[in-house]
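Chains, contacts and geometry: an overview
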Amino acid sequence: QVQLVESGGGLVQAGGSLRLSCVLSGRLISTYIMGWFRQAPGKESELVASNRAGRTYYADSVKGRFTISRDNAKNTVYLQMNSLKPEDTAVYYCAAGRTEYIATDSVEYNYWGQGTQVTVSS
């Protein structure tokens, strides 16, 4: 059974940092595209960052502040979030897919974590 387990969310003041972790079980993470999505109340799901085969994607709103990385030995993908802003407040979801390119649409990801809440106060 393929499962994604997220951790690292929490409450932080504006300008602070958090690191989210996502562990893939049941399959090798090296064979998957991995992405981080977020969804704020009243807004649609947004791809924040994604990587595969050494290539990365970042939403314009997080470029220069967030970094996605993975550790294949630990079957884990990370999202380092620096210089957090109140508008970053959302539930963050880890997702995995099997596309041969950087996918930006949520329907292109097959497996999803349960989500972890990130709240950035003013």
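Read on for a plain summary of the structure. Here the structure is a predicted model, which means the values were calculated and not measured.

1. Topic: the nonpolar core
In this structure, M34, W36, F66, V77, L79, M81 and Y92 are the most contacted members of the largest nonpolar core, which totals 29 residues. Going through the elements one at a time, β3 (18–25), β4 (33–39), β5 (46–52), β7 (66–71), β8 (76–81), β9 (90–97) and β11 (116–121) are the ones with two or more residues in this core. For Y92, the residues in contact, after removing those within four places along its chain, are E6, L20, W36, F37, R38, V48, F66, L79, M81, G115, T116 and V118.

2. What about the side chain of N51?
With respect to the secondary-structure elements, N51 resides in strand β5. Among the polar contacts made by the side chain of N51, one reaches the side chain of R70 at a distance of 2.7 Å.

3. Focus: the pattern of salt bridges
All told, the structure shown has five salt bridges when counted by the stated rule. Across the pair E46 and R38 runs a salt bridge whose closest N-O atoms are separated by 3.0 Å. Between E100 and R52 there is a salt bridge whose closest N-O contact spans 3.3 Å. With a gap of 48 residues between them, E100 in the loop between β9 and β10 (111–112) and R52 in strand β5 connect regions that are remote in the sequence. E100 sits in the exposed class, given a relative accessible area of 63%. The class for R52 is buried, based on a relative accessible area of 16%. A single network of salt bridges, built from pairs that share partners, joins R38, E46, R65 and D88.

Criteria and cut-off values
Within each chain, residue numbers correspond to sequence positions counted from 1 in written order. Owing to the predicted nature of the model, reporting of local features is limited to residues with pLDDT of at least 70; listing and counting of side-chain atom pairs is limited to 80 or more, with chain, interface and lining totals taken over all residues. Computation of side-chain values covers all heavy atoms of the structure but excludes hydrogens and water. Only buried residues count toward a nonpolar core. Its members are Ala, Val, Leu, Ile, Met, Phe, Trp, Tyr and Cys residues joined through side-chain atoms within 4.5 Å. Buried, partly exposed and exposed residues are distinguished by accessible area as a fraction of the type maximum, computed with a 1.4 Å probe on protein chains only: under 20%, between the cut-offs, and over 50%, respectively. Under the DSSP-based scheme used, a helix requires at least four consecutive residues in state H or I and a strand at least two consecutive residues in state E, with every element numbered from the N terminus. Contacts between residues were defined by any pair of non-hydrogen atoms, one from each residue, lying within 4.5 Å. Polar contact is defined as a pair of N or O atoms within 3.5 Å, subject to the rule that within protein one atom must be able to donate a hydrogen and the other to accept it, and that residues adjacent in sequence are counted only when both atoms are side-chain atoms. In the sections that follow, a salt bridge refers to a side-chain nitrogen of Lys or Arg positioned within 4 Å of a carboxyl oxygen of Asp or Glu.

From the geometry alone we can't say anything about function, so treat these as descriptive.
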